[in-house]
Amino acid sequence: MSQHLMNTYAPLPVAFVRGEGAWLWDDQGTRYLDAISGLGVCSLGHAHPQVAGVIAEQAGLLLHSGNLVRIPWQERAADRLAEITGMDRVFFGNSGAEAIECALKICRLVGHARGQENPGVIVMEHSFHGRTLAALSATGSRKVQAGFEPLVGGFVRAPFGDAEAVRTIARRRGDIGAILLEPIQGEAGIRVPPPGYLAALRAVCDEHGWLLIVDEIQSGLCRTGKWYAHQHEEVLPDILTTAKALANGLPVGACAARGAAAEAFTPGRHGSTFGGNPLVTRAACTVLDIMRAEDLAGRAAQTGEGMLESFRRRLGPHPALRDVRGRGLMIGIELDRDVNHLKLAALQRGLLINVTHDKVIRLLPPLIIDASQAEQIVDGVCALVEELVDHPDD
Ligand SMILES: Cc1ncc(COP(=O)(O)O)c(C=O)c1O
C-alpha cells in the first residue's frame, strides 16, 4: 500500500484489473464473483459494452464544457429522471453526499421562504447520508460523526420505523421543515421499515407543510424491485436523492425535487464545476435506458425473492442467525456476532461480499446476475455462516 494515500480505508488485500458482468479478475488472473457491486454502484455489471461504448464515444467528442453553457445530455438525463421519479427538476452533482447537501440547502431556502428562521430536519437513528459535514451531521452514527465537531446544526433525530415518534416531535416543535430518511436503511444493516411507515410520514409532512426527502442513494435505481424503494408504498416525496448506480461507475449524483422545493434555487445559489458534465450524464441516460429496456427492477425483485427465500430456508435453523431481510437485491443477513472477518474469508473463496454494522452480511450484487450466479452467492454465504458455529472464534 502506498504511504501517500490518506488513511481513510482498510482495503481487502486484492486489486482488480478487469471485470465482465458480475465477474472480476485480480492482477494474478484469479476470478471473483461480485456480490457487492462496488457498494451498489455497478448494477449493470462490469464493463457493460453499451455503457463502455457511449463513454468511449463521448470521451472522443466532449468531456466537459461547464455549466456556463447548455449541456443537452444533462437536460436529457434530467428529463428521464423526472419521468421516473415524478419530480419536476433535477440538479446534478458528483456523489451521493453532494446530492444530500443540495437537498439540505433546498430545505433551508424553502423554510426561510415560509418564514422559518432555523428550519430543522428530522433524521433517523442509524441513518447514513454521507461524509461531508452536513451529510455526516444528518447521519445517525456517532462513529461517523466523532471527531468532526462542531457538527452542522438543525437535525432532530427519531427512531427509524416509528411514525408515532415523528408525530410526537411534530406536536412539540414548531421549527421543523422536513423529514430526511432512507426508505430502506443501507449502512444500518439493510433495515426495512414496517408497511405504511412512509405513507404515515407523508401524511405528517402534508399536515405540517414539511418536505419529505427520500435518500435513495443506495436503495434506488431498480435495486429493490422498483425504480425507487419508496415507490413500493406509492408515496411521492418532495425531494429525492440518487447516485451510486446512476452511471454504473462514473461519479454522478442527483437531487430531484418537485413543487416549491423544485423552484427554490435561482442562478448562483448552487452549482458544481464538474456536475452534470456530458460524459456522466450521457452515461446516466444509457444506464436508465438499459434498466428500463431490460426491466432490471422486475429482475431484481425476482432474483432477490429467490435469494431471500433460499437464505431463510438454509440459514433459518442456524443458532447464530438473527435475521434475513431485504428487498430485491438489497439483502442483509444478521448474525449474533461480529462477522467482519467473513469479508476476507469470502474473498479467499472467490466471492466478494460486504459486512455492515459489524454483524450484518450485506449483499448488493449487480442486478444482472443470472440464476446460477445467485445460487453461487447463496451457496458461498451459507457455507461461511455454517462454518461460524464450528469455528466461533474465527
Ligand atoms: C443512503 C446513502 N446516502 C448517502 C451516501 C453517500 O454517498 P457518496 O458516498 O456517493 O457520497 C451513501 C453511500 O453509501 C448512502 O448509502
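To start, this report covers the structure provided alongside it. (Residues numbered from 1 in each chain as written. Predicted model: local features only at pLDDT ≥ 70, side-chain atom pairs only at ≥ 80, totals over all residues. Heavy atoms only, no water.)

**Some remarks on the overall build of the protein chain**
1) Next: Along the backbone of the protein chain there are 13 helices and 15 strands.
2) Next: Computed over the C-alpha atoms, the radius of gyration of the protein chain is 21 Å, within 12% of the 21 Å expected from 2.2 N^0.38 for a compact globule of 394 residues.
3) Next: Viewed in the frame of its principal axes, the protein chain has a C-alpha envelope of about 60 × 55 × 45 Å.
4) Next: Across the 394 residues of the protein chain, 54% fall into the buried class.
5) Next: The contacts of the protein chain with a sequence gap of at least 6 include a subset with a gap of at least 24, amounting to 71%.
6) Next: Put simply, the protein chain shows about 17,600 Å² of open surface, and 52% of that area lies on carbon and sulfur atoms.
7) Next: Positive and negative side-chain charges in the protein chain, numbering 38 and 45 respectively, have mean positions lying 3 Å apart. (Helix = DSSP H or I, 4+ residues; strand = E, 2+ residues; numbered from the N terminus. Rg over C-alpha atoms; globule rule 2.2 N^0.38 Å. Buried < 20%, exposed > 50% of the residue type's maximum accessible area, 1.4 Å probe, protein only. Contact = heavy atoms within 4.5 Å. Areas by Shrake-Rupley, 256 points an atom, 1.4 Å probe, with all protein chains shown as cover. Lys, Arg positive; Asp, Glu negative; His and termini not counted. Charge placed at Lys NZ, Arg CZ, Asp CG, Glu CD.)

**Comments concerning the packing of helix α3 (residues 72–85) against helix α10 (residues 278–293)**
1) Next: In the contact formed by α3 and α10, the axes pass within 8 Å of each other and the chain directions differ by 35°. Crossing of α3 over α10 shows left-handed handedness. Contacts from Trp 73, Gln 74, Arg 76, Ala 77, Arg 80, Leu 81, Glu 83 and Ile 84 of α3 reach α10 at Pro 278, Thr 281, Arg 282, Cys 285, Leu 288, Asp 289 and Arg 292.
2) Next: Grouping the constituent residues of the contact of α3 with α10 by class yields seven nonpolar, two polar and six charged. (Axes fitted to C-alpha atoms, helices over the stretch in contact; angles between N-to-C directions. Left-handed = near helix turned anticlockwise from the far one by under 90°. Nonpolar A, V, L, I, M, F, W, Y, C, P; charged D, E, K, R; others polar.)

**Topic: the side chain of Thr 242**
1) Next: Relative to the helices and strands, Thr 242 resides in strand β9 (residues 239–242).
2) Next: Looking at Thr 242, its side chain comes within polar contact range of the side chain of Tyr 228, at 2.9 Å.
3) Next: Thr 242 has contacts with Leu 81, Ala 99, Glu 216, Ile 217, Leu 221, Tyr 228, Gly 253 and Ala 254, leaving out every residue within four places of it along the chain. (Polar contact = N/O pair within 3.5 Å; in protein donor to acceptor, adjacent residues only side chain to side chain.)

**So, the layout of surface pockets**
1) Next: For the second largest pocket, the calculated volume is near 700 Å³.
2) Next: Of all the secondary-structure elements, those providing two or more residues to the lining of the second largest pocket are α3, β4 (89–93), α4 (96–113), β10 (253–257) and α9 (259–262).
3) Next: Per-element accounting of the lining of the second largest pocket gives the leading share, five residues, to α3.
4) Next: Looking at the lining of the second largest pocket residue by residue, the classes come out as 13 nonpolar, eight polar and six charged. (1 Å grid on protein atoms, 1.4 Å probe; cavity = no way out; pocket = protein on both sides within 12 Å on 5 of 7 lines; lining within 4 Å. Points joined across faces, edges and corners; volume = space filled by probe spheres on them.)

**Quick notes on the packing of helix α7 (residues 163–172) against helix α8 (residues 197–208)**
1) Next: Between α7 and α8, the shortest axis-to-axis distance is 9 Å and the interhelical angle comes to 15°. Classed by the angle they form, the pair α7 and α8 counts as roughly parallel. The two elements α7 and α8 meet at a crossing, and its hand is right-handed. Where α7 abuts α8, its residues Ala 163, Val 166, Arg 167 and Ala 170 lie against Tyr 197, Ala 200, Leu 201, Val 204 and His 208.
2) Next: Across the contact of α7 with α8, the residue classes tally to seven nonpolar, one polar and one charged. (Parallel < 35°, antiparallel > 145°, perpendicular 65-115°, else oblique.)

**Some thoughts on unusual backbone geometry**
1) Next: Glu 149 connects to Pro 150 through a cis peptide bond whose omega is 0°.
2) Next: Its location among the elements puts Pro 150 in the loop between α6 (142–145) and β6 (155–158).
3) Next: Located in the positive-phi region is Asp 295, a residue other than glycine, with phi close to 45°.

**A few points about the pairing of β10**
On a regular strand, each side chain points to the face opposite its neighbour's, so the side chains alternate between the two faces of the sheet.
1) Next: The buried fraction of β10 amounts to five of the five residues, a majority that puts the element mostly inside the structure.
2) Next: What you see with β10 is no split at all: Gly 253, Cys 255 and Ala 257 on one side and Ala 254 and Ala 256 on the other are buried throughout.
3) Next: When β4 meets β10, the two strands line up antiparallel, connected through five bridges. Considered in β10, the bridge of Phe 91 is made with Cys 255.
4) Next: Pairing of β9 with β10, which is carried by four bridges, proceeds in the antiparallel orientation. The residue bridging Leu 240 from the neighbouring strand is Ala 256, located in β10. (Pairing = 2+ DSSP bridges.)

**A word on the pattern of salt bridges**
Side chains that carry opposite charge are capable of pairing whenever their charged atoms lie near each other.
1) Next: For the coordinates displayed, the defined rule picks out 20 salt bridges.
2) Next: Among the salt bridges present, the one from Arg 173 reaches Asp 175, with a minimum N-O distance of 2.9 Å.
3) Next: With its nearest N and O atoms 3.0 Å apart, the salt bridge here joins Arg 202 to Asp 238. Taken as a pair, Arg 202 in helix α8 and Asp 238 in the loop between β8 (211–215) and β9 lie far apart in primary sequence, 36 residues in all.
4) Next: Overall, the relative accessible area of 10% leaves Arg 202 in the buried class. (Salt bridge = Lys/Arg side-chain N within 4 Å of Asp/Glu carboxyl O.)

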